[in-house]
Amino acid sequence: MSNVVLMLVLKGLIWGASYMQGHGGKSRKDGPDAAGLAGTSLMQNMVTETDLLLFLGYLVADESGRYDCLNRVACEQPARAESYLKSAEMVWRTAKLLDAVVPLDAKYEQMLIKLQEAIEDGRADGDCQAKYKCSESTSTEDNFNLI
């Protein structure tokens, strides 16, 4: 349950930052999220397919400890993933200030580092599908395909 709350907080931070930058709550559109019409309402564009893939990738990664699915989405959609990364880094820095009260798990810092690397791979037009395999540990077949 706390994972869902964290993701909603991150989404709110992204929306708020976008609104304060003068986009009127509309974030920049990249990739498959760009298909929306200019006249659509804010609520329709609030959660996109890429957002859902990032949410699910995070939930799978947090539970299993395998970050390939999350990193693959970040690599394939670097602009959208970067907005989440910036928000997550802000939350992480704040949490570090409260480390004496609420102990932190170092796995989240490692996840942020790997997420940044995946975003950089995507910006450099790396082969995301080859580098980040989203598959069962016993299988070599790729079970995740955005396209």
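Residues numbered from 1 in each chain as written. Predicted model: local features only at pLDDT ≥ 70, side-chain atom pairs only at ≥ 80, totals over all residues. Heavy atoms only, no water.

## Considering a nonpolar patch on the surface
Where nonpolar side chains cluster on the molecular surface, the patch consists of Leu-97, Leu-98, Val-101 and Val-102 and spans about 450 Å² of accessible area. Of note, Val-101 is situated in the loop between α4 (78-97) and α5 (107-123). Since its relative accessible area comes to 67%, Val-101 is described here as exposed. (Patch = residues over 30% accessible without salt bridge, like charges linked within 9 Å, V, L, I, M, F, W, Y side chains within 5 Å. Areas by Shrake-Rupley, 256 points an atom, 1.4 Å probe, with all protein chains shown as cover. Salt bridge = Lys/Arg side-chain N within 4 Å of Asp/Glu carboxyl O. Helix = DSSP H or I, 4+ residues; strand = E, 2+ residues; numbered from the N terminus. Buried < 20%, exposed > 50% of the residue type's maximum accessible area, 1.4 Å probe, protein only.)

## Here's the deal with the state of the cysteines
The full count for this structure, using the stated rule, is one disulfide. What pairs with Cys-75 in a disulfide is Cys-128, and their sulfur atoms sit 1.9 Å apart. The sign of the S-S torsion, about -70 degrees, decides the handedness of the disulfide formed by Cys-75 and Cys-128: left-handed. In this pair, Cys-75 is assigned in helix α3 (residues 68-76) and Cys-128 in helix α6 (residues 128-131), connecting sequence segments 53 residues apart. The buried category is assigned to Cys-75, whose relative accessible area is 2%. Assessed through its relative accessible area of 8%, Cys-128 is described here as buried. (Disulfide = S-S within 2.5 Å.)

## Considerations on the environment of Cys-128
In sequence terms Cys-128 and Ala-118 are ten residues apart; their C-alpha atoms lie 8.1 Å from each other. Sequence-distant contacts of Cys-128, defined by excluding residues within four places in its chain, comprise Arg-72, Cys-75, Glu-76 and Gly-122. (Contact = heavy atoms within 4.5 Å.)

## Things to note about unusual backbone geometry
One non-glycine residue, Asp-125, lies in the positive phi region at around 60 degrees. With a relative accessible area of 69%, Asp-125 lands in the exposed category.

## Remarks on the packing of α4 against α5
Interhelical geometry of α4 versus α5 gives an angle of 155 degrees and a closest axis separation of 10 Å. Classified by the angle between their axes, α4 and α5 sit roughly antiparallel to one another. As for how α4 packs across α5, the hand of that crossing is left-handed. From α4, Pro-78, Ala-79, Ala-81, Glu-82, Leu-85, Ala-88, Glu-89, Trp-92 and Lys-96 reach across to α5, where they touch Tyr-108, Glu-109, Leu-112, Leu-115, Gln-116, Ile-119, Gly-122 and Arg-123. Residue composition of the contact of α4 with α5, by class: ten nonpolar, two polar and five charged. (Axes fitted to C-alpha atoms, helices over the stretch in contact; angles between N-to-C directions. Parallel < 35°, antiparallel > 145°, perpendicular 65-115°, else oblique. Left-handed = near helix turned anticlockwise from the far one by under 90°. Nonpolar A, V, L, I, M, F, W, Y, C, P; charged D, E, K, R; others polar.)

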